[in-house]
Amino acid sequence: MTIIEFINEVKRTSTFSNPIYTYTHGLCLDFAKILAEKFSGQVLLIPEFNHFVCMINDHLYDITGNVTNQYKDCKKVLLSDLNEKQLKGYE
């Protein structure tokens, strides 16, 4: 299963009434972690948008799909580089 196929399957089978909204307004970190685990990616924060994405093979993904171009000019911070205090605002 490709990354995009997986994302589409999550959207199709989600118990959330609007999974795109849910995973872009509050649960983006959780979804990025799911993608990172399944596809050996890295979770990144886009501070400008308070949004987490997953980098897999130099491409960025969230519940909407490949968002590499959308965030290409934005600062990116690895989840592993954030301390506990910085993460509190995203839980």
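The notes below deal with the structure included here.

Conventions used here
Residues numbered from 1 in each chain as written. Predicted model: local features only at pLDDT ≥ 70, side-chain atom pairs only at ≥ 80, totals over all residues. Heavy atoms only, no water. Helix = DSSP H or I, 4+ residues; strand = E, 2+ residues; numbered from the N terminus. Buried < 20%, exposed > 50% of the residue type's maximum accessible area, 1.4 Å probe, protein only. Contact = heavy atoms within 4.5 Å. Areas by Shrake-Rupley, 256 points an atom, 1.4 Å probe, with all protein chains shown as cover. Lys, Arg positive; Asp, Glu negative; His and termini not counted. Charge placed at Lys NZ, Arg CZ, Asp CG, Glu CD. Core = buried A, V, L, I, M, F, W, Y, C linked by side-chain atoms within 4.5 Å. Pairing = 2+ DSSP bridges. Axes fitted to C-alpha atoms, helices over the stretch in contact; angles between N-to-C directions. Polar contact = N/O pair within 3.5 Å; in protein donor to acceptor, adjacent residues only side chain to side chain.

1. Describing the overall build of the chain
For step 1, the next point in the chain: If you tally the helices and strands in the chain, you get 4 helices and 5 strands.
For step 2, the next point in the chain: Ordering the α and β elements of the chain from the N terminus gives α-α-α-β-β-β-β-β-α.
For step 3, the next point in the chain: Classification of the 91 residues of the chain by burial places 40% in the buried group.
For step 4, the next point in the chain: At a minimum sequence separation of 6, the contacts of the chain that also span at least 24 residues come to 51%.
For step 5, the next point in the chain: As displayed, the chain has an accessible area near 5,800 Å², and 48% of this comes from carbon and sulfur atoms.
For step 6, the next point in the chain: Separation between the mean location of the 9 positive side-chain charges and that of the 11 negative ones in the chain comes to 2 Å.

2. Observations regarding the nonpolar core
For step 1, the next point in the chain: Counting residues in each nonpolar core, the largest one holds 23 residues, and the members touching the most others are L35 and F52.
For step 2, the next point in the chain: Broken down by secondary-structure element, the contributors of at least two residues to this core are α1 (3-13), α3 (28-39), β1 (42-46) and β2 (51-56).
For step 3, the next point in the chain: Setting aside its immediate chain neighbours within four residues, L35 contacts F6, I7, S40, C54, I56, Y61 and D62.
For step 4, the next point in the chain: Ranked by size, the runner-up nonpolar core spans 7 residues in total, among them L44, V53, L60 and Y71.

3. Here we look at the sheet that holds strand β5 (residues 77-78)
For step 1, the next point in the chain: Strand order in the open sheet made by the 5 strands is β4-β3-β2-β1-β5, with antiparallel pairing throughout. Strand pairing shows two members of the sheet lacking a second neighbour, β4 (65-66) and β5, which therefore form its edges.
For step 2, the next point in the chain: As paired elements, β2 and strand β3 (residues 59-62) share 3 bridges and run antiparallel to each other. Paired with I56 across the strands is H59, a residue of β3.
For step 3, the next point in the chain: Of the strands in this sheet, β2, β3 and β4 are in contact with α1, which crosses β3 at around 10°.

4. As for the side chain of T68
For step 1, the next point in the chain: Along the chain, T68 falls in the loop between β4 and β5.
For step 2, the next point in the chain: Its relative accessible area of 18% is what places T68 among the buried residues.
For step 3, the next point in the chain: A distance of 2.8 Å separates the side chain of T68 from the backbone nitrogen of L60, its partner in a polar contact.
For step 4, the next point in the chain: Leave out the neighbours within four places in its chain, and T68 touches D58, H59 and L60.

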